[in-house]
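Examination of the molecular architecture
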Amino acid sequence: MKWKIALCVVLAVVLQSSLRKFWEPLAYADLPLIVVVYFALRRDAVQAVVIGTVAGLATDVLSGGLLGANGFSKTLTAYFIAAIITRIMLDNPLLRIPVLAGAAAFDSLVYVLLHRLLDQPATPMAGTLAETGAFRVIWTTVAGTVIAYALDIFFSDTARQRRQFAFRRRIARRGLSRRKY
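Residues numbered from 1 in each chain as written. Predicted model: local features only at pLDDT ≥ 70, side-chain atom pairs only at ≥ 80, totals over all residues. Heavy atoms only, no water.

1. A word on the packing of helix H2 (residues 31-40) against helix H4 (residues 69-85)
It is the contact of H2 with H4, at a shortest axis distance of 9 Å, that shows an interaxial angle of 25 degrees. One finds that H2 runs roughly parallel with respect to H4. In terms of crossing hand, the pair formed by H2 and H4 is right-handed. For the pair H2 and H4, the contacting residues are Pro32, Leu33, Val36, Val37 and Ala40 in the first and Lys74, Thr77, Ala78, Ile81, Ala82 and Ile85 in the second. Split into classes, the residues belonging to the contact of H2 with H4 amount to 9 nonpolar, 1 polar and 1 charged. (Axes fitted to C-alpha atoms, helices over the stretch in contact; angles between N-to-C directions. Helix = DSSP H or I, 4+ residues; strand = E, 2+ residues; numbered from the N terminus. Parallel < 35°, antiparallel > 145°, perpendicular 65-115°, else oblique. Left-handed = near helix turned anticlockwise from the far one by under 90°. Contact = heavy atoms within 4.5 Å. Nonpolar A, V, L, I, M, F, W, Y, C, P; charged D, E, K, R; others polar.)

What follows is the structure in structure tokens.
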């Protein structure tokens, strides 16, 4: 299981750093953030925070920007979502869409505020910071909806559940056939 998580994080970070070369608008989809949000919604707060830290720092290393800004923003986002998920049940896949949009907006806000606080230039990809933030929220939400569905399939335990249901059915059949009233 841990190798699957590591593979997802590495793949998201590598794709994030290389997809911009193929098509410019793909740079707005924050793939490591999608992975962080997915694992934060699985109700393991410590794992989500660790994944957020690793994914953010790896993104910082490959992007060549302010080291630690993405790490801090993704860690804070993972913690924020994990804190919300303990109070509100968000098991419905449709509820991931507003959570992804809110996480993308929160992550962008923290990232820009860190750059402003440390007096570093936060260069927008679009015309202004507001346009870049809006594009990032839209692209991350759309890509995150598809990627979260793919991650559900990748991390599903349906084979194990099918075996358990088959075992339960066998017990139920035996129990009903042996009863004599």
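2. What to know about the environment of Leu26
Locating Leu26 in the fold gives a position in the loop between helix H1 (2-18) and H2. In this structure Leu26 comes out as partly exposed when scored by relative accessible area, which is 25%. Separated by 117 residues in sequence, Leu26 and Ala143 have C-alpha atoms that sit 9.4 Å apart. Residues within four places of Leu26 in sequence aside, it is in contact with Leu19 and Trp139. (Buried < 20%, exposed > 50% of the residue type's maximum accessible area, 1.4 Å probe, protein only.)

3. Topic: helix H3 (residues 45-63)
The end-to-end C-alpha separation of H3 is 26 Å, in line with the 27 Å expected for 19 residues at 1.5 Å each. Of the positions making up H3, those classed as buried are Ala48, Ile51, Gly52, Ala55, Gly56, Thr59 and Asp60. Viewed end-on, H3 has its buried residues packed into an arc of 160 degrees, placing them on one side of the element. Pointing more than 90 degrees away from the buried face of H3 are the exposed residues Val46 and Val61. Its buried side turned inward, H3 meets H1, H2 and H4. Count one or two residues on from H3 and you reach Gly64, which has phi positive near 80 degrees. (Expected span 1.5 Å × (residues − 1). Arc of directions from axis to C-beta.)

In short, shape yes, function no, at least from these values alone.
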